[in-house]
Amino acid sequence: MAHLAHYREAHPLLFVVTHWINLIAMIVLIVTGFSIHFPFWPLFMGVARGMHVFFGFVLFLNCMFRVIAAFFVKTSPTGGTRKQVKDYKTWLPQKDNRHQALEWVKYYLFLRKTHPLGAKLGVPQKLSYLLIPILIVLMFWTGLCLWAPTMNLGAMWATTTFLGGLMSVRIIHYFLMYVFIVFMFIHVYLANVEGFAPTALMFIHKEHGGLVYDPDAHNIVGEDNIKH
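Residues numbered from 1 in each chain as written. Predicted model: local features only at pLDDT ≥ 70, side-chain atom pairs only at ≥ 80, totals over all residues. Heavy atoms only, no water.

**Re the nonpolar core**
Alright, step 1. Formed by 21 residues in total, the largest nonpolar core has its most connected members in Met26, Leu59, Ile132, Ile136 and Phe180.
Alright, step 2. Of all the secondary-structure elements, those providing two or more residues to this core are α1 (13-37), α2 (45-69), α5 (123-146) and α8 (166-192).
Alright, step 3. With seven residues, the single largest contributor to this core is α8.
Alright, step 4. With near-sequence residues (within four places) excluded, Ile136 lies in contact with Met26, Leu59, Phe60, Cys63 and Phe180. (Core = buried A, V, L, I, M, F, W, Y, C linked by side-chain atoms within 4.5 Å. Buried < 20%, exposed > 50% of the residue type's maximum accessible area, 1.4 Å probe, protein only. Helix = DSSP H or I, 4+ residues; strand = E, 2+ residues; numbered from the N terminus. Contact = heavy atoms within 4.5 Å.)

**Comments concerning the packing of α2 against α5**
The description of two packed helices rests on the angle between their axes and on the distance between the axes.
Alright, step 1. Close contact between α2 and α5 brings their axes to 10 Å; oriented N to C, the two are set at 145 degrees. For α2 against α5, the interelement crossing comes out left-handed. Along the contact surface, α2 presents Gly56, Phe57, Leu59, Phe60, Cys63, Met64 and Val67, while α5 presents Pro133, Ile136, Val137, Phe140 and Leu144.
Alright, step 2. Here the residues of the contact of α2 with α5 are counted per class, giving 11 nonpolar, one polar and no charged. (Axes fitted to C-alpha atoms, helices over the stretch in contact; angles between N-to-C directions. Left-handed = near helix turned anticlockwise from the far one by under 90°. Nonpolar A, V, L, I, M, F, W, Y, C, P; charged D, E, K, R; others polar.)

**So, the state of the cysteines**
Alright, step 1. Taken as a whole and judged by the stated rule, the model has zero disulfides.
Alright, step 2. With no disulfide of its own, Cys63 has Cys145 as its nearest cysteine by sulfur position, at a separation of 18 Å. (Disulfide = S-S within 2.5 Å.)

**Focus on the layout of surface pockets**
Empty space among the atoms can be located by rolling a probe the size of a water molecule over them.
Alright, step 1. There is about 670 Å³ of room inside the second largest pocket.
Alright, step 2. Along its surface, the second largest pocket is lined by 27 residues, and Ile36, His52, Gly143, Leu146 and His173 are the ones closest to its centre.
Alright, step 3. Those elements that provide at least two residues to the lining of the second largest pocket are α1, α2, α5, α6 (148-151) and α8.
Alright, step 4. Among the elements that take part in the lining of the second largest pocket, α2 stands out by supplying seven residues, more than any other.
Alright, step 5. Looking at the lining of the second largest pocket, its residues break down into 19 nonpolar, six polar and two charged. (1 Å grid on protein atoms, 1.4 Å probe; cavity = no way out; pocket = protein on both sides within 12 Å on 5 of 7 lines; lining within 4 Å. Points joined across faces, edges and corners; volume = space filled by probe spheres on them.)

**Regarding the pattern of salt bridges**
Alright, step 1. Per the stated rule, a full pass over the model turns up seven salt bridges.
Alright, step 2. Notably, a salt bridge pairs Arg8 with Glu207, separated by 3.8 Å at the nearest N-O pair. Of the two residues, Arg8 is situated in the segment before α1 and Glu207 in the loop between α9 (197-204) and β3 (208-214); the sequence distance between them amounts to 199 residues.
Alright, step 3. Arg8 sits in the partly exposed class, given a relative accessible area of 34%.
Alright, step 4. Residue Asp216 pairs with Lys83 through a salt bridge whose shortest N-O separation is 2.8 Å. Residue Asp216 is located in the loop between β3 and β4 (219-227), and its partner Lys83 is located in the loop between β1 (74-75) and β2 (85-86); the two are separated by 133 residues in the primary sequence.
Alright, step 5. With a relative accessible area of 40%, Lys83 lands in the partly exposed category. (Salt bridge = Lys/Arg side-chain N within 4 Å of Asp/Glu carboxyl O.)

**Quick word on the packing of α1 against α2**
Alright, step 1. Where α1 meets α2, the axes come as close as 8 Å, and the angle between the chain directions of the two elements is 150 degrees. Of the possible angle classes, the one that applies to α1 and α2 is roughly antiparallel. Between α1 and α2 lies a crossing of left-handed hand.
Alright, step 2. Of the residues assigned to the contact of α1 with α2, the class counts are 17 nonpolar, eight polar and two charged. (Parallel < 35°, antiparallel > 145°, perpendicular 65-115°, else oblique.)

**Some remarks on unusual backbone geometry**
Alright, step 1. You will see that His205, though not glycine, has its phi angle at about 60 degrees, which is positive.
Alright, step 2. Assignment of secondary structure puts His205 in the loop between α9 and β3.
Alright, step 3. In this structure His205 comes out as buried when scored by relative accessible area, which is 16%.

**Comments concerning the packing of aromatic side chains**
Each aromatic ring pair is characterised by the separation of its centres together with the angle its planes make.
Alright, step 1. With the rule as written, the count across this model stands at 14 aromatic pairs.
Alright, step 2. A centroid spacing of 6.1 Å and a plane angle of 70 degrees characterise the contact between Phe38 and Tyr174, whose relative ring orientation is edge-to-face. Of the two residues, Phe38 sits in the loop between α1 and α2 while Tyr174 sits in helix α8, which places them 136 residues apart along the sequence.
Alright, step 3. Given a relative accessible area of 12%, Tyr174 falls into the buried group.
Alright, step 4. Here Phe60 and Phe140 contribute two aromatic rings whose centre-to-centre distance is 4.0 Å and whose plane-to-plane angle is 5 degrees, an arrangement assigned as stacked. Remark: Phe140 occurs in helix α5 and Phe60 occurs in helix α2; sequence separation between them is 80 residues. With respect to burial, Phe60 and Phe140 carry one shared label: buried.
Alright, step 5. Between Arg66 and the ring centre of Phe15, over which it is positioned, the NZ or CZ distance is 3.5 Å.
Alright, step 6. When the ring centre of Tyr7 is taken as origin, the NZ or CZ atom of Arg82, which lies over that ring, is 4.0 Å away. (Phe/Tyr/Trp six-rings, centres within 6.5 Å; stacked < 30°, edge-to-face > 60°. Lys NZ or Arg CZ within 6 Å of the ring centre and 35° of its normal.)

Purely spatial values, then, with no claim about function.
The structure is reproduced here in structure tokens:
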């Protein structure tokens, strides 16, 4: 087996649920966003706006919950082990990330055949995942600036004025949607470049065998042939 084993400890059931919520909310927001900006079906406009607002709140609250939960829920710091640490530590630089940025880039671009031995999230993954909460907050905030019940509140009005008016906010909000779309494609690629085992673990909690890794020794210590 060429890759590390994928254990449930890497993605506890709570995070499987939040991941599903993120996926559903993002898809609905993208579909309704296009429907609002390009009203090809006028009868759907009212429903699209309502769903867009609702799932905007869902995505934002789910994101905030996920960030807070990272400080309390434990996950594996790398693949191939059932050992666990507080999840937030896996989002920050780890010993297993040292001197690996270039190696991960090579691997993702198929310039390196072997999987870098390291943390659960490679350097490019960490950078992209750390940016997504910021993107969600920006999307949510600009959305509040455009939403009638909140657009005249002090902070939202000040933001709109600073950005040059509602049209400017709409343009920013609209093009941030494309950033979301690009992120989703990058995320899918990075998560599945070595196969679909990580996706099966994240979405249906299915474990997959592979190399066993000791995060304390920073080395492979065996092989697990489980097939669930």
